[in-house]
Amino acid sequence: PLNVVATAANASASISWDVPANSNGSAITSYTVQTYDSNSNPVSGATCTSSASPCTISGITNGAAYTFKVTATNGIGTSTASSASTAVTPSTIPN
């Protein structure tokens, strides 16, 4: 997947992307988004799978920065991960 973009919300983020340039002759069946913390470590349980863009990751921590990478899966297998999105920081309005 190409051009991964994340938009932060309250304890969540919406991730969108463009389809890969080449599916190698097999239709893409799903996309998986993985969340990474500020040290580029995968965040356990912070994934989502979708048949198309966008996909929403919920339950992440407000005030912490995250990036996201997307893989595409077809009948042949799963792609390498995309380039990471720009970092976003979920937040909410003050009380």
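Residues numbered from 1 in each chain as written. Predicted model: local features only at pLDDT ≥ 70, side-chain atom pairs only at ≥ 80, totals over all residues. Heavy atoms only, no water.

Participant: What is the right way to look at the sheet that holds strand 6 (residues 67-74) in this model?
Facilitator: Reading across the sheet, the three strands line up as 4-3-6 and stay open at both edges, with antiparallel pairing between neighbours. Lying at the two open borders of the sheet, with one neighbouring strand each, are strand 4 (42-50) and strand 6. The mean angle between the axes of side-by-side strands here comes to 25°, regardless of whether they run parallel or antiparallel. Relative to strand 6, strand 3 (residues 28-36) is paired through eight bridges, and the arrangement is antiparallel. Paired with Tyr31 across the two strands is Ala72, which belongs to strand 6. (Pairing = 2+ DSSP bridges. Helix = DSSP H or I, 4+ residues; strand = E, 2+ residues; numbered from the N terminus. Axes fitted to C-alpha atoms, helices over the stretch in contact; angles between N-to-C directions.)

Participant: Sorry, what's going on with the pairing of strand 4 here?
Facilitator: Side-chain positions along a regular strand alternate between the two faces of the sheet. As paired elements, strand 3 and strand 4 share five bridges and run antiparallel to each other. Counted as the bridge partner of Gln34 is Thr47 from strand 4. Hairpin connection, strand 3 to strand 4: the antiparallel pair is bridged by five residues, and Ser40 has positive phi, about 65°.

Participant: Would you mind going over the layout of surface pockets with me for this structure?
Facilitator: Over the atoms rolls a probe the size of a water molecule, and its path tells where empty space is left. The calculated volume of the largest pocket comes to roughly 180 Å³. Contributing to the lining of the largest pocket are 13 residues, with Asn22, Ser23, Asn24, Asn74 and Ser79 lying nearest its centre. Broken down by element, the residue count for the lining of the largest pocket peaks at three residues, all from strand 6. A breakdown of the residues in the lining of the largest pocket according to their chemical character gives five nonpolar, eight polar and no charged. (1 Å grid on protein atoms, 1.4 Å probe; cavity = no way out; pocket = protein on both sides within 12 Å on 5 of 7 lines; lining within 4 Å. Points joined across faces, edges and corners; volume = space filled by probe spheres on them. Nonpolar A, V, L, I, M, F, W, Y, C, P; charged D, E, K, R; others polar.)

Participant: What is the right way to look at the side chain of Ser50 in this model?
Facilitator: Assignment of secondary structure puts Ser50 in strand 4. Looking at Ser50, its side chain comes within polar contact range of the main-chain oxygen of Ala52, at 2.5 Å. Excluding its chain neighbours within four sequence positions, the residues that come into contact with Ser50 are Ser30, Tyr31 and Cys55. (Polar contact = N/O pair within 3.5 Å; in protein donor to acceptor, adjacent residues only side chain to side chain. Contact = heavy atoms within 4.5 Å.)

Participant: Help me understand the packing of aromatic side chains, please; the structure alone is not making it clear to me.
Facilitator: Two aromatic rings are characterised by how far apart their centres lie and by the angle between their planes. Summed over the entire model, instances satisfying the criterion amount to one aromatic pair. The ring of Tyr36 carries Lys69 above its face, with NZ or CZ at 5.0 Å from the centroid. (Phe/Tyr/Trp six-rings, centres within 6.5 Å; stacked < 30°, edge-to-face > 60°. Lys NZ or Arg CZ within 6 Å of the ring centre and 35° of its normal.)

Participant: How should the nonpolar core be read in this particular structure?
Facilitator: Generally speaking, soluble globular proteins have nonpolar side chains that are buried together. Ile15, Trp17, Val33, Ile57, Ile60, Phe68 and Val70 are the most contacted members of the largest nonpolar core, which has 17 residues in total. Non-local contacts of Ile60, meaning those with residues more than four positions away in its chain, are made with Ala11, Ser12, Ala13, Thr35, Ala46, Tyr66, Phe68 and Pro90. (Core = buried A, V, L, I, M, F, W, Y, C linked by side-chain atoms within 4.5 Å. Buried < 20%, exposed > 50% of the residue type's maximum accessible area, 1.4 Å probe, protein only.)

Participant: Sorry, what's going on with the sheet that holds strand 2 (residues 12-18) here?
Facilitator: Within a sheet, adjacent strands bond to each other through the backbone by hydrogen bonds, running parallel or antiparallel. On the basis of which strands lie adjacent, the open sheet formed by three strands has the order 1-2-5 and antiparallel pairing. Two strands bound the open sheet, and with one partner strand each, they are strand 1 (2-9) and strand 5 (55-58). Between one strand axis and the next, the sheet turns by 20° as a mean value, whatever way the strands run. Of the strand pairs in this sheet, strand 1 and strand 2 are connected by six bridges, and their pairing is antiparallel. In the strand pairing of strand 2, Ala9 is matched with Ser12.

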